[in-house]
Structures are given as C-alpha cells and as structure tokens.
Amino acid sequence: MCGSPATASAALSRCSPAAGSTSKPPRLQADGIYTFGQPRTCDRLLAASCNKSFKDRLHCYVNNNDVVSQLPPEPVYTHVDTLHYIDSTSCIRSAMPALATLGDRLKGATADLLAPVGDGLRDHSITRYITAMEKNLI
C-alpha cells in the first residue's frame, strides 16, 4: 500500500530502464500498488506509462467527495486507468457513468448538512476507506 506519488515513481523507475540505456531492466515486479485518496499526480504521458508498466497492478481508490483525490484539476493531471470509485453507500465500483457519479456526489454532500466538517474532508479519512473495503469483502 502506498499513498505517495514518489513511491509509485520509484517503483516505476526500478522496473524500467533509463532513457537511452542499453541495460536490461531488473526483474522486479511490484505485486500491486494501492492508493487511497491520493491526489491526481500524473499527466497523461506518465499515466499511460504507469498503465502500461503496471497493467492491473496499480489501483487508485477515490471515496465519493474526497476533496484531495479531486486535486489538482483535470485535464492537466489525471489518475491511472484502474480507478475504483467508492460511492455514497460505500460500494466500490470499477466504472460509473459521469451523470451517475455527479448524482452520487450530490447525495453524499447533502447526507449530513449539519456536520462540523464538510463531506469532502470526511470522505478523505482513511477510516472511511477501510470501512468501505471491509464492507465489500463480504
């Protein structure tokens, strides 16, 4: 599990030869990289390289209105292809249409209007991610 873009970059650099290098890349393969609430850290080129190098081993989890995972804004920065969206009922979805996501975010944002902290900050809590992961194990 990692939450740092630097960790993902380091893993990628260890699995790929340096530009112009004639040496073979080491035979290191990460079993998986899982991020929870990570901000968008990749431009389109880096995301494509990560998607190619890690295929189905790089997973990014975004919890409903988690404000951190929505920064910096698209299209300059992006998440990797294997994005898992945790909806307002804590169901983990591999794909969700844009209109459905918008409706779900509105549902999450209006669920507890009197809470002292906004939904965007509450959804960034690692305990919310853990609760969703546990709920989806069953």
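The paragraphs below set out a description of the structure included in this document. (Residues numbered from 1 in each chain as written. Predicted model: local features only at pLDDT ≥ 70, side-chain atom pairs only at ≥ 80, totals over all residues. Heavy atoms only, no water.)

The secondary structure content of the protein chain amounts to five helices and four strands. When the helices and strands of the protein chain are placed in sequence order, the string is α-β-α-β-β-β-α-α-α. In the protein chain, the proportion of contacts linking residues at least 24 apart, taken out of those at least 6 apart, comes to 67%. If you sum the accessible surface of the protein chain, you get close to 8700 Å²; carbon and sulfur atoms cover 62% of it. (Helix = DSSP H or I, 4+ residues; strand = E, 2+ residues; numbered from the N terminus. Contact = heavy atoms within 4.5 Å. Areas by Shrake-Rupley, 256 points an atom, 1.4 Å probe, with all protein chains shown as cover.)

Attention now goes to the nonpolar core. If you look at the biggest cluster of nonpolar residues, it comprises seven residues: I33, C50, F54, L58, C60, V62 and V80. Among the secondary structure elements, those contributing two or more residues to this core are α2 (44-54) and β2 (58-63). At three residues, β2 tops the list of elements feeding residues into this core. Ignoring sequence-local partners within four residues, the contact set of C60 consists of T35, H79, V80, T82, L83 and H84. Membership of the second largest hydrophobic core comes to five residues, among which are F36, I86, Y129 and A132. (Core = buried A, V, L, I, M, F, W, Y, C linked by side-chain atoms within 4.5 Å. Buried < 20%, exposed > 50% of the residue type's maximum accessible area, 1.4 Å probe, protein only.)

Okay, unusual backbone geometry next. The residue after L71, namely P72, is reached through a cis peptide bond having omega -20°. Looking at the secondary structure, you find P72 in the loop between β2 and β3 (83-86). For the bond from E74 to P75, the omega torsion is 5°, close enough to zero to count as cis. The phi dihedral of K55 is positive, around 40°, even though this residue is not glycine. Structurally, K55 can be placed in the loop between α2 and β2.

Another point: the pattern of salt bridges. Counted under the stated rule, the structure contains three salt bridges. With a closest N to O distance of 2.8 Å, D87 and R93 form a salt bridge. Overall, R93 belongs to the partly exposed group, its relative accessible area being 34%. Residue D123 is joined to R128 by a salt bridge in which the shortest nitrogen-to-oxygen separation is 3.1 Å. (Salt bridge = Lys/Arg side-chain N within 4 Å of Asp/Glu carboxyl O.)

This next bit is on the packing of aromatic side chains. Within the structure shown, the criterion is met by two aromatic pairs. Arranged with centres 6.0 Å apart and planes meeting at 75°, the rings of F36 and Y129 form a pair that is edge-to-face. Within this pair, whereas F36 is found in strand β1 (residues 33-36), its partner Y129 is found in helix α5 (residues 126-135), the two being separated by 93 residues in sequence. For the residue pair F36 and Y129, the accessibility class agrees, reading buried in each case. Each member of the aromatic cluster is reached from another via a ring pair, and the members are F36, Y61 and Y129. (Phe/Tyr/Trp six-rings, centres within 6.5 Å; stacked < 30°, edge-to-face > 60°.)

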